[in-house]
Each structure stands twice: as structure tokens, then as C-alpha cells.
Amino acid sequence: DLHSFPTRRSSDLRFMNLVYGYATDVIVMDHGKIVFEGQPNELFNKSVDQYSLETPLMTKLIQLLEKKRYQFNLDKISALDDVVEEIARQRRSSK
């Protein structure tokens with residue numbers, strides 16, 4: 001359930017949702033030093049906890065769906081429409 005995930009602050013979550021949906025590259029800094037540089041999907045699927053960042057809702061949704069048997073190419077997912085299309089494609093191919 002998406003609502004069961006703890007959130008630090010709603011403003012952090014809103015910002016991370018924007019980063020997930022719109023950024024092509026991300027730089028994370030800690031005390032003035034670059035600690036991560038790459039694409040949003042790399043950050044949100046591997047390093048979020050390491051850098052104490054809020055996990056975007058899209059990442060949480062994908063993680064829940066992957067537990068239900070769906071698989072996603074995260075390089076091709078940037079919006080909810082992409083998730084819906086991929087689920088439909090997988091359901092069609094499983095018939």
C-alpha cells in the first residue's frame with residue numbers, strides 16, 4: 001500500500017516526484033561534495049536510502065508491482081502512462 005510508506009516531509013516527496021518525472025541527470029551533494037551523479041532511475045532504485053532522500057511515488061509503485069510479478073525496464077519509465085502501458089503489454093503477452 002503506497003500510504004504505508006513513511007515520509008519525511010511532504011515537500012521532500014513532491015520535490016523527488018518532480019526529479020523523477022522531469023530530470024534527465026541528477027547530482028546529489030553532501031557537505032559540498034558530489035556523492036552521486038547519474039540518471040534519476042539509477043538514484044531512486046539503488047541509492048535513495050544511502051543519501052537519505054525520499055523515494056518518489058513512482059518508484060514505490062514500481063516496487064510494489066514488481067512484487068506482484070511485473071517487470072519494468074526502468075530506463076523507459078518516466079510517467080504513470082509508461083507503467084500502465086507496460087502492464088498492459090505484459091498482460092497481453094501472457095495470454
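Below: a short report on this structure. All of these numbers come straight from a predicted model, not from anything done at the bench.

## A look at the environment of Leu53
1) Next: Summarising the element assignment, Leu53 is placed in the loop between α2 (40-47) and α3 (57-67).
2) Next: The sequence separation of Leu53 and Val28 amounts to 25 residues, and the corresponding C-alpha distance is 9.6 Å.

## As for the side chain of Glu86
1) Next: Structurally, Glu86 can be placed in helix α4 (residues 80-93).
2) Next: Among the residues examined, Glu86 registers a relative accessible area of 17% and is labelled buried.

## A look at the nonpolar core
1) Next: Counting residues in hydrophobic clusters, the biggest one holds 20 residues, and the most contacted among them are Leu43, Ile62, Phe72 and Val83.
2) Next: Here Leu43 is in contact with Val26, Val28, Phe36, Val48, Tyr51 and Leu53, once residues within four sequence places are set aside.

## Some points on the packing of aromatic side chains
1) Next: Counted by the stated rule, this structure contains one aromatic pair.
2) Next: Between Arg69 and the ring centre of Tyr70, over which it is positioned, the NZ or CZ distance is 4.9 Å.

## Re the pattern of salt bridges
1) Next: Per the counting criterion, the structure on display carries two salt bridges.
2) Next: With its nearest N and O atoms 3.5 Å apart, the salt bridge here joins Lys60 to Glu54. Comparing Lys60 with Glu54, the two get one shared label, buried.
3) Next: With its nearest N and O atoms 2.5 Å apart, the salt bridge here joins Arg89 to Glu86. Placement of both Arg89 and Glu86 in helix α4 is noted, with a separation of three residues, approximately one turn of the helix.

Conventions and cut-offs
- Sequence order as written defines the numbering, with residues in each chain counted from 1.
- Side-chain atom pairs in this predicted model are given and counted only at pLDDT of 80 or more, local residue features only at pLDDT of at least 70, and totals for whole chains, interfaces and linings cover all residues.
- Where side-chain values are given, they derive from all heavy atoms of the structure, hydrogens and water being excluded.
- What counts as a helix is a DSSP run of H or I of at least four residues, what counts as a strand is a run of E of at least two, and both are numbered from the N terminus.
- Exposure categories follow from relative accessible area, calculated using a 1.4 Å probe and restricted to protein chains: below 20% of the type maximum is buried, above 50% is exposed, and the middle band is partly exposed.
- Side-chain atoms within 4.5 Å are what join buried Ala, Val, Leu, Ile, Met, Phe, Trp, Tyr and Cys residues into a set we call a nonpolar core.
- Contact definition: two residues touch when any of their heavy atoms are within 4.5 Å.
- Two rings from Phe, Tyr or Trp (for Trp, the six-membered ring) form a pair when their centres sit within 6.5 Å of each other. Planes less than 30 degrees apart are called stacked, planes more than 60 degrees apart edge-to-face, and all others tilted.
- Definition used: whenever NZ (Lys) or CZ (Arg) falls within 6 Å of the ring centre and also within 35 degrees of the ring normal, the charge is taken to sit over that ring.
- By salt bridge we mean one thing: a side-chain nitrogen of Lys or Arg within 4 Å of a carboxyl oxygen of Asp or Glu.

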